[in-house]
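As a plain string of letters, each chain reads:
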Amino acid sequence: MGNDCLTRNGIWRHQMKKERHDSRIPAGAIPADLSQQVPNNSYSPPPKYYVDTPFVCVDCRSEEVWAASQQKWYYEVAKGSLYATAVRCLDCRRKRSARYANGDPHPVKHLGTLMKRLFEAIKPILIEAGFLVDRKSAISLSRKGQLEFSRSDEIVVVSYQRPDGNPRLVAESVSTQAGYLILTCVNLTPNMDVPALIHGVATSMESHFHRETIQ
């Protein structure tokens with residue numbers, strides 16, 4: 001039963017992947033906004049539209065449909081990986097989430113994208129404060145859930161952490177003047193507002209360097 005489930009999911013996934021890259025948009029499909037999708041690092045082009053996609057739940061084995069509207073939200077709003085697809089029905093997702101006190105154990109659907117967006121938001125603040133900002137190095141670190149910046153008297157690290165399974169974003173500073181400081185620590189929740197989260201981290205860092213300037 002399990003192998004049969006995986007086989008059918010694999011066949012459907014292959015068919016849908018082939019069809020949604022076609023330049024022709026079938027009736028009932030929802031056009032994709034490629035500018036809102038996570039950057040695609042594959043030779044395979046990103047989907048140009050979304051269509052209802054059948055799948056078999058890996059837990060209860062029921063036959064389900066991943067709606068085109070759900071796919072558009074996942075890929076363009078939640079910034080999910082273009083390589084990901086639905087594998088569990090709604091009831092099984094709820095049961096799985098209920099096992100965790102804070103709901104979905106993976107509120108960040110694509111960590112690298114979150115860190116890259118955060119980097120772009122805090123880069124001007126760090127440059128103004130005199131930090132060395134190497135985009136290539138920062139983006140490389142972001143894939144591991146960490147950004148690191150330095151200047152002669154201070155090091156700032158922004159990292160994604162999961163102590164005790166509870167995800168959070170932490171910005172820390174170590175300087176010769178103030179020693180170790182936590183600039184901000186934000187717990188990540190399933191319904192978090194990502195732009196507000198990024199703005200909050202950037203504001204905390206800006207306040208830190210402003211206080212440092214007037215001292």
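Up top is the structure these notes are about.
Since this is a predicted model, take the numbers as computed values, not measurements. The residue numbering used here restarts from 1 in each chain and proceeds along that chain's sequence as written. In view of the model being predicted, local features appear only for residues whose pLDDT reaches at least 70, and side-chain atom pairs are presented and counted only at 80 or more, with totals across whole chains, interfaces and linings using the full set of residues. Computation of side-chain values covers all heavy atoms of the structure but excludes hydrogens and water.

### A closer look at the side chain of Q37
Numbering of helices and strands starts at the N terminus; helices are DSSP runs of H or I of at least 4 residues and strands are runs of E of at least 2. Within the secondary structure layout, Q37 lies in the loop between β1 (30–31) and β2 (49–50). For this analysis, a polar contact is any N or O atom pair within 3.5 Å, provided that within protein one partner can donate a hydrogen and the other can accept it, and provided that sequence-adjacent residues contribute only side-chain to side-chain pairs. Within the structure, Q37 has its side chain in polar contact with the side chain of Y50 (distance 3.0 Å).

### Some thoughts on the pattern of salt bridges
Salt bridges are identified by distance alone: a Lys or Arg side-chain nitrogen within 4 Å of an Asp or Glu carboxyl oxygen. Applying the stated rule across the entire model yields five salt bridges. A salt bridge links D153 to R151, with the nearest nitrogen and oxygen atoms 2.7 Å apart. Think of it in three bands: residues with accessible area under 20% of the maximum for their type are buried, residues over 50% are exposed, and the middle band is partly exposed, with areas taken using a 1.4 Å probe on protein chains only. The class of D153 is partly exposed, set by a relative accessible area of 25%. Overall, R151 belongs to the buried group, its relative accessible area being 19%. Ionic pairing is found between R151 and E154, a salt bridge with its closest N-O pair at 2.9 Å. Take E154: its relative accessible area is 1%, and that puts it in the buried class. Put simply, R151, D153 and E154 are held in one network by salt bridges that share partners.

### Re helix α2 (residues 68–77)
Within α2 the residues assigned to the buried category are A68, Q71, Y74, Y75 and E76. Phi turns positive one or two residues past the end of α2, at K79, with a value near 60°.

### As for the pairing of strand β6 (residues 154–161)
For β6, a buried count of six out of eight residues is recorded, marking the element as mostly surrounded by other parts of the structure. Whether two strands pair comes down to DSSP finding at least two bridges between them. Here strand β5 (residues 146–151) pairs with β6 via six bridges, running antiparallel. Paired with S150 across the bridge in β6 is I155. In the sheet, β6 pairs with strand β7 (residues 168–175) via eight bridges, with the strands oriented antiparallel. By the bridge assignment for β7, S159 is matched with V170. In textbook terms, the turn of a hairpin is the stretch between consecutive antiparallel strands, and for β6 and β7 this stretch comprises six residues, one of which, D164, has a positive phi near 55°.

### Let's talk about the sheet that holds β7
Sheet architecture is open: four strands sit in the order β5-β6-β7-β8, paired in antiparallel fashion. Both outer strands of the open sheet, β5 and β8 (179–187), are each paired with one neighbouring strand and no more. Direction aside, neighbouring strands of the sheet carry axes that sit 10° apart on average. Pairs of residues are marked as contacts when any of their non-hydrogen atoms sit within 4.5 Å. Structural elements are reduced to axes, namely lines fitted to C-alpha atoms, with helices fitted over the stretch in contact, and the angle between N-to-C directions of any two is expressed from 0 to 180 degrees. Packing against the sheet, helix α4 (residues 111–128) makes contact with β5, β6 and β7, and its axis sits at approximately 20° to β5.

### Quick notes on unusual backbone geometry
The phi dihedral of R61 falls on the positive side, at around 70°, and the residue is not glycine. Among the secondary structure elements, R61 is positioned in the loop between β3 (53–56) and β4 (63–66). Its relative accessible area of 29% is what places R61 among the partly exposed residues. You will see that K79, though not glycine, has its phi angle at about 60°, which is positive. Take K79: it is sitting in the loop between α2 and α3 (90–98).

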